[in-house]
Amino acid sequence: MRLILVGPPGAGKGTQATRLVEKYSIPQLSTGDMLRAAVAAQTPVGVKAKEVMDAGGLVSDEIVVGIIRDRIGEDDAKNGFILDGFPRTLAQAEALDQMLQDSGLKLNAVLELRVDQTKLVDRIIKRAEDAKAAGEPVRKDDDPEVFKQRLEAYNRDTAIVVPYYEKTGLLSVVDGMQSIDEVTASVESILQGLDEKV
Ligand code: AMP
């Protein structure tokens, strides 16, 4: 199963991806997590990406496409993967298509977590509070001002990916304003429908 989760920051992509990892035993490929690891390790990519990420902007297509190309080729991704936070631009979507085509692979589905953006800032404040309460580090880019920049980047550069996949017939829309468990149930019922089609 090869899936993409798309939706604005704070829509719940990471939470749902974690659940899908358990259910389908395929890895979650989060470019955000990979970039944060690169920043922490101060790799050349991390050093380049840090400033952009801290400001809520988008890292260059070249960097993230390179990261995904390497990651998709690893052994644990052979049976499928869940892309979380990639593609985030039309150029990334096109590069992914090319990559998959070159390897003779196909996507099974693109799930859009559709949310009310006016409620997202509250959600992100809660995410920061929960992380703090759990003794976990709070993401710098979950600061409300930086978060607004991330939301702008989504609307400016990423939202266009949704109609791109709609045209291919791969897109399913999930109401991301439901509870976490309800979103999971909606996602599972869509994926079950795919299994039945095969
Ligand atoms: P995320 O954890 O998906 O919210 O990503 C955190 C940050 O990493 C984003 O705000 C971007 O700065 C950067 N990032 C993650 N994925 C991508 C991508 N596919 N393209 C460009 N920048 C990305």
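Bear in mind that the values here come from a model prediction, so they are computed numbers and not experimental data. (Residues numbered from 1 in each chain as written. Predicted model: local features only at pLDDT ≥ 70, side-chain atom pairs only at ≥ 80, totals over all residues. Heavy atoms only, no water.)

Chemist: Kindly report on the pattern of salt bridges, identifying the contributing residues and their values.
Modeler: It is possible for side chains of opposite charge to pair when their charged atoms get near one another. Summed over all chains, the structure comprises 16 salt bridges. Here Arg 19 ties to Asp 181 by a salt bridge, and the two come within 2.7 Å at their closest N and O atoms. Here Arg 19 is found in helix H1 (residues 13-24), whereas its partner Asp 181 is found in helix H9 (residues 180-197), with 162 residues between them in sequence. Residue Arg 19 is classed as partly exposed on the basis of its relative accessible area, which comes to 34%. Look at the salt bridges and you will find they share partners, linking Arg 127, Arg 139, Asp 141, Asp 142 and Arg 150 into a network. (Salt bridge = Lys/Arg side-chain N within 4 Å of Asp/Glu carboxyl O. Helix = DSSP H or I, 4+ residues; strand = E, 2+ residues; numbered from the N terminus. Buried < 20%, exposed > 50% of the residue type's maximum accessible area, 1.4 Å probe, protein only.)

Chemist: I'd like a description of the environment of Glu 182, backed by residues and values.
Modeler: Structurally, the position occupied by Glu 182 is in helix H9. What makes Glu 182 partly exposed here is its relative accessible area of 43%. Taking the C-alpha atoms as reference points, Glu 182 and Arg 2, separated by 180 residues in sequence, lie 22 Å from one another. Only 3.0 Å separates the side chain of Glu 182 from the backbone nitrogen of Ser 179, close enough to count as a polar contact. (Polar contact = N/O pair within 3.5 Å; in protein donor to acceptor, adjacent residues only side chain to side chain.)

Chemist: I'd like to hear about the packing of aromatic side chains, residue by residue, with values.
Modeler: Counted under the stated rule, the structure contains 1 aromatic pair. Relative to Tyr 165, the ring of Tyr 164 has its centre 5.1 Å away and its plane inclined at 85 degrees; by these criteria the two rings are edge-to-face. As far as the burial class goes, Tyr 164 and Tyr 165 line up, both buried. (Phe/Tyr/Trp six-rings, centres within 6.5 Å; stacked < 30°, edge-to-face > 60°.)

Chemist: An account of the nonpolar core is requested, with residue identities and associated values reported.
Modeler: Leu 35, Ile 68, Leu 83, Leu 96 and Tyr 165 are the most contacted members of the largest nonpolar core, which has 31 residues in total. Only strand E1 (2-6), helix H2 (31-40), helix H3 (44-54), helix H4 (61-72), strand E3 (81-84), helix H5 (90-102) and helix H8 (161-168) provide two or more residues apiece to this core. No other element matches the 6 residues that H4 contributes to this core. Ignoring any residue separated from it by four or fewer positions in sequence, one finds Ile 68 in contact with Leu 29, Thr 31, Met 34, Leu 83, Phe 86 and Met 99. Among the nonpolar cores identified, the runner-up in size contains 21 residues, and Ile 26, Leu 111, Val 121 and Ile 124 belong to it. (Core = buried A, V, L, I, M, F, W, Y, C linked by side-chain atoms within 4.5 Å. Contact = heavy atoms within 4.5 Å.)

Chemist: If you had to explain the site of the ligand to someone new, which residues and values would you point to?
Modeler: Inspection of the region around the ligand gives 16 residues, with Thr 31, Arg 36, Gly 57, Gly 85 and Gln 92 positioned closest. The separation between an oxygen atom of the ligand and a polar main-chain atom of Gly 57 is 2.5 Å. Interatomic distance of 3.1 Å between a side-chain N/O atom of Arg 139 and an oxygen atom of the ligand. In the complex, the protein chains occlude 96% of the 480 Å² of accessible area that the ligand would expose alone. (Near = heavy atom within 4 Å. Areas by Shrake-Rupley, 256 points an atom, 1.4 Å probe, with all protein chains shown as cover.)

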